[in-house]
Amino acid sequence: MSDTTHDGALATSKPPSEDAGLTPAELARKYGLSVSGARPSLGGYVRELWGRRHFIMAFSRAKLVAQYSEAKLGQIWQVATPLLNALVYYLIFGLIMKAGRDMPKDAYIPFLVIGIFVFSFTQSSLMAGVRAIPGNLGLVRALHFPRASLPISFSLQQLGQLLYSMIVVLVIVVAFGNYPRLSWLLVIPTLALQFVFNTGLALIFGRMGSKTPDLAQLMPFITRTWMYASGVMFSISGMLKDRPHWIAEVLQWNPAAIYMDLIRFSLIDSYGTHHLPPHVWAFAVGWAVVIGLGGFVYFWKAEERYGRG
């Protein structure tokens, strides 16, 4: 095509492009382009996580080893910290407030130690999940990987720490006259269900914490309230026997109480089924499935927004 300029010279113009008038989205579809950092499908996301499984395991092990690397006692603190907490709670709730008066004296200390260690598993997973994205922004912004890898790896880290601690728990349980029996095997499915629940919880609060980092400052107050409502230091059914029955049932059905009581039932001979709520295993599985799967989907839906802004 040609045209005449004001001085009589001929000027040529390019023919209109076939892409003229196309929106950016239409251009991207035409040339097979995709948005950088776009959220994959749920199935694709699961496959990406499986492909990063070695990274998740290595990252959790590194965090576990490095957790107390600057302390002189090193990994001993993994066990010493909850034991010291158990000692403090025993002095206050066991000796002063007589919180274990509804159970034999030789059962209360194992009861308390199990409660402290098992609840700490959930508490630590929750706290680590809140900080998973804000505490690793450099990694999130520098590398492409499914962001759920971080909360999952932190939950694995807390599981590894609990497994170390369970050696001490079993020693204390045996020291107070509770010897190995078949019911001890119930600890395995209970911890597996609790791990799924904790991971879902870490994913939920991982997304919330990525948007509101100040949530980490509020979490100690929330977890402390949850601890007192879960019967860590006392038997809910025994402490609330003079209260309306529904109050004890509601508190016993909360997931932290369910997983603690199942492990207590498994390891302590005198901790019978009357301490457990009805349909306890159904609730244990239900909490794990609902929070585990729900937390995973909730976290995945914000995948493209982590580390931005």
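The rules behind each value
Residues numbered from 1 in each chain as written. Predicted model: local features only at pLDDT ≥ 70, side-chain atom pairs only at ≥ 80, totals over all residues. Heavy atoms only, no water. Salt bridge = Lys/Arg side-chain N within 4 Å of Asp/Glu carboxyl O. Helix = DSSP H or I, 4+ residues; strand = E, 2+ residues; numbered from the N terminus. Buried < 20%, exposed > 50% of the residue type's maximum accessible area, 1.4 Å probe, protein only. Lys, Arg positive; Asp, Glu negative; His and termini not counted. Contact = heavy atoms within 4.5 Å. Patch = residues over 30% accessible without salt bridge, like charges linked within 9 Å, V, L, I, M, F, W, Y side chains within 5 Å. Areas by Shrake-Rupley, 256 points an atom, 1.4 Å probe, with all protein chains shown as cover. Charge placed at Lys NZ, Arg CZ, Asp CG, Glu CD. Expected span 1.5 Å × (residues − 1). pLDDT = per-residue confidence, 0-100. Axes fitted to C-alpha atoms, helices over the stretch in contact; angles between N-to-C directions. Parallel < 35°, antiparallel > 145°, perpendicular 65-115°, else oblique. Left-handed = near helix turned anticlockwise from the far one by under 90°. Nonpolar A, V, L, I, M, F, W, Y, C, P; charged D, E, K, R; others polar. 1 Å grid on protein atoms, 1.4 Å probe; cavity = no way out; pocket = protein on both sides within 12 Å on 5 of 7 lines; lining within 4 Å. Points joined across faces, edges and corners; volume = space filled by probe spheres on them.

**Student:** Can you lay out the pattern of salt bridges for me, pointing to particular residues and giving the numbers?
**Tutor:** On inspection of all chains with the given rule, the structure shows two salt bridges. Note that Arg 181 and Asp 269 form a salt bridge whose closest N and O atoms lie 2.9 Å from each other. Residue Arg 181 is located in the loop between α7 (149-175) and α8 (187-211), and its partner Asp 269 is located in the loop between α12 (255-267) and α13 (280-300); the two are separated by 88 residues in the primary sequence. A salt bridge links Asp 261 to Arg 264, with the shortest nitrogen-to-oxygen separation between them at 3.1 Å. Of this pair, Asp 261 and Arg 264 both sit in helix α12, separated by three residues, roughly a single helical turn. For the pair formed by Asp 261 and Arg 264, the shared burial category is buried.

**Student:** Outline the side chain of Arg 147, listing residues and values.
**Tutor:** Along the chain, Arg 147 falls in the loop between α6 (137-142) and α7. Here Arg 147 is buried and forms no salt bridge, its nearest opposite-charge partner Glu 303 lying at an N-O distance of 4.4 Å. Ignoring sequence-local partners within four residues, the contact set of Arg 147 consists of Tyr 45, Ile 133, Val 140, Phe 299, Glu 303 and Tyr 306.

**Student:** Pulling in residues and values, what's your account of unusual backbone geometry?
**Tutor:** One non-glycine residue, His 279, adopts positive backbone phi at about 55°. Residue placement: His 279 occurs in the loop between α12 and α13.

**Student:** Explain a positive patch on the surface to me, and be specific about the residues and the numbers.
**Tutor:** Where like charges cluster on the molecular surface, the positive patch consists of Arg 39, Lys 211, Lys 301 and Arg 305. Relative to the elements of secondary structure, Lys 211 occurs in helix α8. Classification of Lys 211 as exposed rests on a relative accessible area of 73%.

**Student:** Can you break down helix α5 (residues 105-131) residue by residue, with the values?
**Tutor:** Here α5 spans 40 Å end to end across 27 residues, near enough to the 39 Å set by a 1.5 Å rise per residue. Burial runs high along α5: 20 of the 27 residues are buried.

**Student:** Residues and numbers for the confidence of the model for the chain, please.
**Tutor:** When pLDDT is averaged along the chain, the result is 84; 84% of the residues meet or exceed 70. Averaged pLDDT values over the elements of the chain bottom out at 50 in strand β1 (residues 2-4) and peak at 97 in α13.

**Student:** Describe in detail a nonpolar patch on the surface, supporting the description with residues and values.
**Tutor:** Taken together, the side chains of Leu 84, Leu 87, Val 88, Leu 91, Ile 92, Leu 95 and Ile 96 present a nonpolar region at the surface, about 630 Å² in accessible area. With respect to the helices and strands, Ile 96 occurs in helix α4 (residues 77-96).

**Student:** Go over the packing of α5 against α12 with me, naming the residues and quoting the values.
**Tutor:** Viewed as axis vectors pointing N to C, α5 and α12 meet at an angle of 135°, and their least axial separation amounts to 9 Å. It follows from the interaxial angle that α5 and α12 lie oblique. As for the relative orientation of α5 and α12, their crossing is right-handed in sense. Where α5 approaches α12, its residues Phe 111, Ile 114, Gly 115, Val 118 and Phe 119 are matched on the opposing element by Ala 256, Tyr 259, Met 260, Ile 263, Arg 264 and Leu 267. Per-class residue counts for the contact of α5 with α12 are nine nonpolar, one polar and one charged.

**Student:** Please provide a residue-by-residue account of the layout of surface pockets, values included.
**Tutor:** Quantified by volume, the largest pocket comes out at close to 670 Å³. Every residue lining the largest pocket is counted, 31 residues in all, and those nearest its centre are Ser 120, Gln 123, Ser 124, Gln 158 and Gln 161. When residues of the lining of the largest pocket are traced back to their parent elements, those giving at least two are α4, α5, α7 and α9 (215-229). Looking at which element gives the most residues to the lining of the largest pocket, the answer is α5, with ten residues. Classifying every residue of the lining of the largest pocket gives 15 nonpolar, 13 polar and three charged. Forming the boundary of the second largest pocket are 16 residues, of which Leu 49, Ile 152, Phe 195, Thr 199 and Phe 296 lie nearest the centre. When contributions to the lining of the second largest pocket are tallied by element, the ones reaching two or more residues are α2 (42-51), α3 (53-66), α7, α8 and α13. At five residues, α8 tops the list of elements feeding residues into the lining of the second largest pocket. Its residues assigned to classes, the lining of the second largest pocket comprises twelve nonpolar, three polar and one charged.

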